[in-house]
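# Descriptive analysis of the structure
The primary structure of each chain is shown beneath.
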Amino acid sequence: MITKMHRRMKLSGVADEELMLLVARRDHGAFEALYDRHGAAAYSLAHRVLGDRQRAEDAVQETFLSIWRARSSYDPGRGSVRNWLLGALRNRAIDAIRHEAARPAPARGVDPAEVLAARPSDADTDATVIDRETSRTLRGVLGGLPPEQSRVIELAYFGGFTHTEIADMLGAPVGTVKGRMRLGLEKIRAALAEVQS
Amino acid sequence: MTSHPEHDSWRDEVAAYALDALPEEERSALESHLEGCDECRAYLRWLRPAEAAVATSVEQIKPPRRLRRAVLANAREAGGEAPRTSRPRPRWFLTRPIAAAAIVVAIAAALVGGYALRRSGPSTETLSAQTTAAAPRGLEAHLVREDDSGTLELSGLPLPGRGRVYEAWVRRGEEISPSTVFVPNRAGAAAVALPDELANADEVMVTREPAGGSATPTTAPMLHVPFPQS
Ligand SMILES: [Zn+2]
């Protein structure tokens, strides 16, 4: 127990990038720390995309297992470990719904036992609190965009629709939809530079 | 970020690519272009944090503890040495069928009463939705409420059609306030955040509206989530 706590304290000072090196060497403690740092953000994103808690859990499990098996390896070129991990998760979740869209979704009732088992844990870790602040700030940034820009971004990123599908849905020209995506992303990017400075 | 004008036409493509919104052929075309173009690669790298900001902007919800156990157990099964202290907690509730059955019956009774669960900790409860004749076949929904916020989870929802969206509303007595405008994902599911606006609400409703949403409902609600009055 003491060893474990000692190890945790040691890992708490380790940067994400170094954690990934340890994970690649099959260090279970590092993997556990990786989940504790990013598991909640991953679950929240999966839930937003999939709209279902059970399926969100499945997507998070699959993503982390694939990281453990080194099927998905961290690429510093894609940005921070967090961004890379969320990108991998988002793609997995979208793949799942693109697959499923081919056949009608089975109607799922609310299974009380499942709702009970899926209730959130009580402990609010420091990491979750920080994430909530960050996510609120970023929601503010997205919410500050003109609605026609935030809508196309959300449809693409969370809904898994292509720009042609979005154009069809909104009754807007394809070029307009792509232009809105670009303007919206550029505004978010500029706002990030301000937030971070 | 500055750019030569000849690359301007590629920028829209790069932005759509960053959001994974390009159809297959366009994506391959852009990827070939990216291979030979430093400038577009730099633009993509510059945009990446914006894409990540979208990912992190979602309402943060706490994962269940069992997810952490499952993730760590998967890794142990897949190989490497198991850390001794992260042995899963005894699952007594699954090995005692009578107790488990009693819990399920209690919840089922609560469901019949109009709401599912009130758990002991912070006030989180799951409320079930009632669909109306205006609802598409197969629509299922429930609302997970945490204090004055909530998430409406829907499945079996078809795309709203060209120029249409779905809109959630919060009713307090006679007053109906617009909340979130949304569309489901391609599989007909949606998780709709209803931030900080459920205080003193009587119910949440969903209607189909023109793109952009409406200030007051223009169609009949397809579902109601009534709140138990305390
Ligand atoms: Zn270029």
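Residues numbered from 1 in each chain as written. Chains lettered and ligands numbered in written order. Predicted model: local features only at pLDDT ≥ 70, side-chain atom pairs only at ≥ 80, totals over all residues. Heavy atoms only, no water.

## Some thoughts on the environment of B:L19
With respect to the element layout, B:L19 can be found in the loop between α1 (8-18) and α2 (24-36). For B:L19, a relative accessible area of 0% translates into the label buried. Taking C-alpha positions, B:L19 is 6.6 Å from B:E51, a pair spaced 32 residues apart along the chain. Apart from residues no more than four positions distant in its own chain, B:L19 is found in contact with A:R90, A:I153, A:A156, A:Y157, A:M181 and A:L185. (Helix = DSSP H or I, 4+ residues; strand = E, 2+ residues; numbered from the N terminus. Buried < 20%, exposed > 50% of the residue type's maximum accessible area, 1.4 Å probe, protein only. Contact = heavy atoms within 4.5 Å.)

## Details of the packing of helix α3 (residues 28-50) of chain A against helix α4 (residues 53-68) of chain A
Relative orientation and spacing of two packed helices are given, respectively, by the angle between their axes and the distance between those axes. Residue and element names in this part refer to chain A. Look at α3 against α4: their axes get within 9 Å of each other, and the N-to-C directions meet at 140°. When the axes of α3 and α4 are compared, the crossing they make is right-handed. Contact with α3, carried on its side by H28, F31, L34, Y35, G39, A42, Y43, A46, H47 and L50, involves R53, R55, A56, E57, A59, V60, F64, I67 and W68 of α4 and no other residues of that element. (Axes fitted to C-alpha atoms, helices over the stretch in contact; angles between N-to-C directions. Left-handed = near helix turned anticlockwise from the far one by under 90°.)

## Focus on the nonpolar core
Across soluble globular proteins, nonpolar side chains show a tendency to be buried alongside one another. Counting 83 residues, the largest nonpolar core has A:L45, A:V60, A:F64, A:I166, A:M181, A:L185 and A:I188 as the members making the most contacts within it. When residues in this core are grouped by element, the largest group, 12 residues, is from α3(A). Setting aside its immediate chain neighbours within four residues, A:L185 contacts A:I153, B:A15, B:A18, B:L19, B:L47, B:A50 and B:E51. In this structure, B:L152, B:Y166, B:A190 and B:A201 belong to the second largest nonpolar core, which totals 23 residues. (Core = buried A, V, L, I, M, F, W, Y, C linked by side-chain atoms within 4.5 Å.)

## Observations concerning the sheet that holds strand β9 (residues 203-210) of chain B
Residues and elements named next belong to chain B. One open sheet accounts for 5 strands, arranged β3-β10-β9-β6-β7; its pairing is antiparallel. The two strands at the open ends of the sheet, each matched to only one other strand, are β3 (130-131) and β7 (175-182). When β3 meets strand β10 (residues 223-226), the two strands line up antiparallel, connected through 2 bridges. Within β10, the residue paired with T131 across the bridge is L223. (Pairing = 2+ DSSP bridges.)

## Quick notes on the side chain of B:S214
Residues and elements named next belong to chain B. In this fold, S214 is placed in the loop between β9 and β10. A distance of 2.5 Å separates the side chain of S214 from the side chain of E209, its partner in a polar contact. Once residues within four sequence positions are removed from consideration, S214 is found in contact with E167, W169, P178 and E209. (Polar contact = N/O pair within 3.5 Å; in protein donor to acceptor, adjacent residues only side chain to side chain.)

## Quick look at the packing of α2(B) against helix α3 (residues 38-56) of chain B
Residues and elements named next belong to chain B. It is at 6 Å that the axes of α2 and α3 come closest, and there the two elements cross at 110°. It follows that α2 is roughly perpendicular to α3 by the angle criterion. Every residue of α3 that contacts α2 at H33, L34, E35 and G36 is listed here: D38, C40, R41 and L44. Among the residues making up the contact of α2 with α3, the classes are represented as 3 nonpolar, 2 polar and 3 charged. (Parallel < 35°, antiparallel > 145°, perpendicular 65-115°, else oblique. Nonpolar A, V, L, I, M, F, W, Y, C, P; charged D, E, K, R; others polar.)

## Focus: the confidence of the model for chain A
Averaged over all residues, the pLDDT of chain A is 82; the fraction at 70 or higher stands at 78%. Every residue in residues 104-123 of chain A is under pLDDT 50, and counting partners more than four places away or in other chains gives 42 contacts. (pLDDT = per-residue confidence, 0-100.)

## Structural notes on the confidence of the model for chain B
Residue and element names in this part refer to chain B. Taken over all residues, the pLDDT of chain B has a mean of 77, while the share at 70 or more is 78%. When pLDDT is averaged over each helix and strand of chain B, the minimum, 30, is found for helix α5 (residues 92-95) and the maximum, 95, for α2. Every residue in residues 81-121 scores below 50 in pLDDT, and together they form 43 contacts with partners more than four places removed in sequence or on other chains. Reported confidence for the predicted complex is 0.83 by ipTM and 0.67 by pTM.

## Some details on the side chain of A:K178
Turning to its location among the elements, A:K178 is positioned in helix α10 (residues 174-196). Once residues lying within four places of it in the same chain are set aside, the contact partners of A:K178 are A:H163, B:D12, B:E13, B:A16 and B:E26.

## Overview of α2(B)
Residue and element names in this part refer to chain B. In this model α2 runs 19 Å from its N-terminal to its C-terminal C-alpha over 13 residues, within 8% of the 18 Å that 1.5 Å per residue would give. If you check which residues of α2 are buried, you get L30, H33 and L34. The buried residues of α2 occupy an angular sector of 100° when the element is viewed end-on, so they sit on one face. For α2, exposure combined with an orientation more than 90 degrees from the buried face picks out E25, E35 and G36. Next to the buried residues of α2 lie α1 and α3. (Expected span 1.5 Å × (residues − 1). Arc of directions from axis to C-beta.)

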